[in-house]
Amino acid sequence: MSHISIQDVHKVFESGGQEVHALKAINLEIPQGQFVCLLGPSGCGKSTLLNAVAGFSLPSTGVITVEGAVITEPGPDRGMVFQEYALFPWMTVEQNVAFGLQIKGVDKAAIEAKVAELLAMLNLTDFRKRFPKDLSGGMRQRVAIARVLALDSPIMLMDEPFGALDALTRRNLQDELLRIWTELRKTILFVTHSIEEALYLADRTVVMTYRPGTVKCDIPVDLPRPRDVASPAFNALKKDLSQLLMEEQSRHNQAEFRGAAVD
């Protein structure tokens with residue numbers, strides 16, 4: 001049985017009195033412990049699909065299951081990491097990480113031990129008394145990841161978590177995430193616009209079409225880790241994915257041009 005099963009999922013929104021078909025006939029099977037990236041142009045439905053797996057926005061038709069159970073709402077088995085960090089600004093680093101455990105009613109000693117473990121794992125121990133405003137973007141995202149890990153969700157859903165970071169910080173956090181994934185073997189579904197990021201991180205890269213979002217292709221990334229972004233094999237895959245994405249970006253541009261001409 002797949003850990004996450006997405007079966008014939010469609011999503012239709014109402015916008016300005018018209019139907020917008022965001023997703024069409026999405027079918028994906030994701031085994032336990034696999035790292036999967038969703039890749040595609042803006043407007044292809046990557047985040048819409050991720051939100052459906054999270055339970056924030058249910059499919060119009062079709063079904064999504066986790067270990068055979070149909071998703072009808074958010075749940076503790078799925079932890080979400082957003083691009084915007086989503087930290088509580090009035091809480092310190094350690095208070096942010098502890099928050100979910102407190103809500104669950106975990107005893108104080110266990111919370112303190114878990115928070116200490118995660119702060120050490122993410123190199124945040126020296127910053128435990130700081131507030132989010134006093135941290136860099138990279139540090140804030142480390143805190144957001146630690147807060148999700150505190151709940152020990154078997155699935156991590158990540159919506160362009162490194163998209164707003166500079167290149168050096170981004171690579172550093174990619175390596176941190178891979179280290180954590182290698183150690184804990186969470187199932188990760190990760191949304192990105194970056195071809196290089198997808199190839200650097202993922203076991204599989206799922207390329208989505210421009211609206212309505214469908215699966216254009218599902219490409220295994222059979223490259224040894226740690227991955228060398230300068231290697232011929234890496235760049236051959238990057239070239240293939242670039243061509244696939246440019247086709248969809250062209251469709252996006254043509255749709256925008258037609259819309260502008262109508263207006």
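Structure first, text after, so check above.
The rules behind these values
Residues numbered from 1 in each chain as written. Predicted model: local features only at pLDDT ≥ 70, side-chain atom pairs only at ≥ 80, totals over all residues. Heavy atoms only, no water. Helix = DSSP H or I, 4+ residues; strand = E, 2+ residues; numbered from the N terminus. Phe/Tyr/Trp six-rings, centres within 6.5 Å; stacked < 30°, edge-to-face > 60°. Buried < 20%, exposed > 50% of the residue type's maximum accessible area, 1.4 Å probe, protein only. Lys NZ or Arg CZ within 6 Å of the ring centre and 35° of its normal. 1 Å grid on protein atoms, 1.4 Å probe; cavity = no way out; pocket = protein on both sides within 12 Å on 5 of 7 lines; lining within 4 Å. Points joined across faces, edges and corners; volume = space filled by probe spheres on them. Nonpolar A, V, L, I, M, F, W, Y, C, P; charged D, E, K, R; others polar. Salt bridge = Lys/Arg side-chain N within 4 Å of Asp/Glu carboxyl O.

Draft legend 1. Region of the structure containing the environment of isoleucine 71. Mapped onto the secondary structure, isoleucine 71 falls in the loop between strand E5 (69–70) and strand E6 (78–81). Sequence separation of isoleucine 71 and asparagine 27 is 44 residues, and the distance between their C-alpha atoms is 15 Å.

Draft legend 2. Representation of the packing of aromatic side chains. On inspection of all chains with the given rule, the structure shows six aromatic pairs. Residues phenylalanine 35 and tryptophan 181 carry aromatic rings whose centres are separated by 5.7 Å and whose planes lie at 75° to one another, so their mutual orientation is edge-to-face. Placement of the pair is phenylalanine 35 in strand E3 (residues 35–39) and tryptophan 181 in helix H5 (residues 167–184), with a sequence separation of 146 residues. We note that phenylalanine 35, like tryptophan 181, is buried. Centroid distance phenylalanine 88 to tryptophan 90: 5.2 Å. Interplanar angle 35°. Geometry classified as tilted. Linked through ring pairs, Phe35, Phe162, Trp181 and Phe190 together constitute an aromatic cluster. Note that arginine 147 overlies the ring of phenylalanine 88, its terminal NZ or CZ placed 5.2 Å from the centroid. Taking NZ or CZ as reference, arginine 171 lies 4.1 Å from the ring centre of tyrosine 200, over its face.

Draft legend 3. Layout of the layout of surface pockets. Counted as a void, the largest pocket has a volume near 470 Å³. Around the largest pocket sit 22 residues that line it, and Gly79, Met80, Arg147, Val148 and Leu151 are the ones nearest its centre. For the lining of the largest pocket, the class distribution of residues is 15 nonpolar, four polar and three charged. Put simply, the second largest pocket is a space of about 150 Å³. At the level of secondary structure, the elements contributing two or more residues to the lining of the second largest pocket comprise helix H2 (93–104) and helix H3 (108–121). Residues of the lining of the second largest pocket, tallied by class, amount to three nonpolar, two polar and three charged.

Draft legend 4. The pattern of salt bridges, seen in detail. Under the definition given, this model contains 14 salt bridges. Taking the shortest distance from any N to any O, the salt bridge between lysine 133 and aspartate 134 comes out at 3.2 Å. For aspartate 134, a relative accessible area of 39% gives the class partly exposed. Counted as one network, the salt bridges with shared partners bring together Arg142, Glu176 and Arg179.

Remember that the coordinates give geometry; whether it matters functionally is a separate question.
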